[in-house]
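For reference, the chains in residue letters:
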Number of protein chains: 2
Amino acid sequence: MATQTAAQRRDEARVAYDAYLAGCPARELLDTISDKWVSLILNALSGGPLRYSDLGRVIAGISQKMLTQSLRSLERDGLVSRTVTPSVPVRVDYALTDLGQDLQPVMMAIKSWAEGNIEQVRSAREAYDARLAS
Amino acid sequence: MATQTAAQRRDEARVAYDAYLAGCPARELLDTISDKWVSLILNALSGGPLRYSDLGRVIAGISQKMLTQSLRSLERDGLVSRTVTPSVPVRVDYALTDLGQDLQPVMMAIKSWAEGNIEQVRSAREAYDARLAS
DNA sequence: CCGTATCCCGTGAGATACTG
DNA sequence: CAGTATCTCACGGGATACGG
């Protein structure tokens, strides 16, 4: 159940599924994890478990609806665990599962790339838009 | 303009932008590259330039509209180049730019992860759905 | 061959209000 | 605190037809 095991599974199954194929389950999974909120949530949980309200605070601008909806989806897919502490008021913690921790570095890479290359993209956009205006 | 230069820029700008913040340009860029079609297109171009019709064939199920729309967006963001050969009929080739090649490994990692872990996700879903039915 | 243009429907997603 | 429930609207995105 360690990361190595997950890596082994990945190698073995690499040829079994092909996200290029429409209707392939891998295509659908790629669609669900290629989501803005999913990447932000998985990255936010990389430092350890967080409560529902903490997630909403870290990920500025996310609505309750999208936060709950994304968390449910991640929980169903086995990427995030949900732990309820029956206190008053109730306390709910979300954490990465082993599978989620396996995916997290990839999501971090996307987020870091976006943050580190936004200026290149912006200047590329300006150049593109300027050429259209000519 | 090599990959190393891009990596240096990434390190320098890492703290300047934060995708957790709503309204931050990095958040918007994260949203655009966290897209199913974007990841499939960038991966498809990793082996070298492809023509428009080839892309449509490799990425099964993509509509003309989404293919054209995604390619325009990628071109504007400086991730993909578009080369027109004025023959009869006209020939158009799409290729990764240096910036696009810098991002491609990350997109490949997502696609590979989806293909390699879909079975884990499927069994997690079955377990989740079974618990709800009880 | 490589698109653009139009129509149209489903759903992604915010705002708001309410509950255990 | 941690959600659920509606309502609403904009837009993603497919189908189809046409143009250079």
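Residues numbered from 1 in each chain as written. Chains lettered and ligands numbered in written order. Predicted model: local features only at pLDDT ≥ 70, side-chain atom pairs only at ≥ 80, totals over all residues. Heavy atoms only, no water.

Going by an unreviewed UniProt entry, chain A carries the name Transcriptional regulator and comes from Streptosporangium carneum.

### Some thoughts on the protein's contact with DNA strand C
Heads up, the condition is: One heavy atom within 4 Å of a molecule or strand is enough for the residue carrying it to be called near that molecule or strand. N or O atoms closer than or at 3.5 Å make up a polar contact, with two conditions inside protein: a donor-capable atom paired with an acceptor-capable one, and, for residues adjacent in sequence, both atoms drawn from side chains. Secondary structure counts use DSSP, requiring at least four H or I residues in a row for a helix and at least two E residues in a row for a strand, with both numbered from the N terminus. Charged residues are taken to be Asp, Glu, Lys and Arg, nonpolar residues to be Ala, Val, Leu, Ile, Met, Phe, Trp, Tyr, Cys and Pro, and polar residues to be all remaining types, Gly included.
Taken together, 16 residues are adjacent to DNA strand C, and Lys-65 of chain A together with Ser-53, Thr-68, Arg-82 and Tyr-94 of chain B come closest. The side chain of Arg-51 of chain B places a nitrogen or oxygen atom 3.3 Å from a phosphate oxygen of DNA strand C. Arg-72 of chain B places a polar side-chain atom, nitrogen or oxygen, 3.3 Å from a phosphate oxygen of DNA strand C. Of all the secondary-structure elements, those providing two or more residues to the surface near DNA strand C are helix H5 (64-76) of chain A together with helix H4 (52-58), helix H5 (64-76) and strand E3 (91-96) of chain B. Per-class residue counts for the surface near DNA strand C are seven nonpolar, five polar and four charged.

### Notes on the interface of chain A and chain B
The test is simple: Contacts are residue-level and defined by heavy atoms, with any inter-residue pair within 4.5 Å sufficient. Defined in terms of a 1.4 Å probe, buried area is the accessible area two parts forfeit on being brought together, summed over both. Salt bridges are defined by distance alone: a side-chain nitrogen of Lys or Arg within 4 Å of a carboxyl oxygen of Asp or Glu.
Opposite the 58 residues of chain A that make contact, chain B presents 58 residues. For the pairing of chain A and chain B, the buried interface totals around 5800 Å² over both sides, and the portion due to carbon and sulfur atoms is 63%. Together, Tyr-20, Arg-76 and Trp-113 of chain A form the three largest contributors to the area buried by chain A at its contact with chain B, with a combined 15%. Where Asp-129 of chain A meets Arg-76 of chain B, a salt bridge forms, and the shortest distance between an N and an O atom there is 2.5 Å. Seen at the junction of chain A and chain B, the total is 22 residue pairs in polar contact (both at pLDDT 80 or more). For the side of chain A that touches chain B, the secondary structure elements donating two or more residues are helix H1 (3-13), helix H2 (25-33), helix H3 (36-44), H5 and helix H6 (98-133) of chain A. The element that contributes the greatest number of residues to the side of chain A that touches chain B is H6 of chain A, accounting for 22 residues. For the side of chain A that touches chain B, the class distribution of residues is 29 nonpolar, nine polar and 20 charged.

### Here's the deal with the sheet that holds strand E3 (residues 91-96) of chain A
Two modes of strand pairing occur in sheets, parallel and antiparallel, and in both the strands are linked by backbone hydrogen bonds. Where we set the bar: Paired strands are those between which DSSP finds at least two bridges.
One open sheet holds the three strands; their spatial order is E1-E3-E2 (chain A), and the pairing between them is antiparallel. Edge positions in the sheet fall to strand E1 (50-51) and strand E2 (80-85) of chain A, since each of these pairs with one other strand and no more.

### Describing the relation of the copies chain A and chain B
Stated formally: To superpose the copies, least squares is applied to the C-alpha atoms of every residue with a pLDDT of at least 70 in both.
Overlay of chain A on chain B (RMSD 0.0 Å): rotation 180°, translation along the axis 0.0 Å. Taken together, these values place the two copies in the relation of a two-fold axis. Taking C-alpha positions as the reference, the residue of chain A nearest the rotation axis is Ser-34 of chain A, at 2.3 Å. When the interface residues of chain A are mapped onto chain B, 100% of them again lie at the interface, so the same face is used by both copies.

### Considering the sheet that holds strand E2 (residues 80-85) of chain B
Residue and element names in this part refer to chain B. Applicable threshold: For every element, the axis is a line fit to its C-alpha atoms; helices are fit only across the contacting stretch, and the angle between N-to-C directions ranges from 0 to 180 degrees.
Overall, antiparallel pairing links the three strands, which are arranged E1-E3-E2 in an open sheet. Of all strands in the sheet, those bounded by a partner on one side alone are strand E1 (50-51) and E2. With two bridges connecting them, E1 and E3 associate as antiparallel partners. When the bridges of E3 are listed, Leu-50 appears paired with Tyr-94. On the sheet, H5 packs against E2 and E3 and is oriented at approximately 110° with respect to E2.

### Quick look at the side chain of Arg-27 of chain A
Residue and element names in this part refer to chain A. Keep this limit in mind: Exposed residues in this analysis have more than 50% of their type's maximum accessible area, buried residues have under 20%, and partly exposed residues fall in between, with area computed by a 1.4 Å probe over protein chains only. When charges are counted, Lys and Arg are positive and Asp and Glu negative, with His and the chain ends excluded.
In this structure, Arg-27 sits in helix H2. Of the buried charged residues, Arg-27 lacks a salt bridge, with Asp-18 as the closest side chain of opposite charge at 7.5 Å. Within the structure, the side chain of Arg-27 is placed 2.8 Å from the backbone oxygen of Tyr-20, a separation counted as a polar contact.

### Re the pattern of salt bridges
Scanning the entire structure with this criterion turns up 16 salt bridges over all chains. Arg-91 of chain B is paired through a salt bridge with Asp-93 of chain B; the nearest N and O atoms lie 2.8 Å apart. In the salt-bridge network here, residues are joined through shared partners; they are Asp-18 of chain A together with Lys-111 and Glu-115 of chain B.

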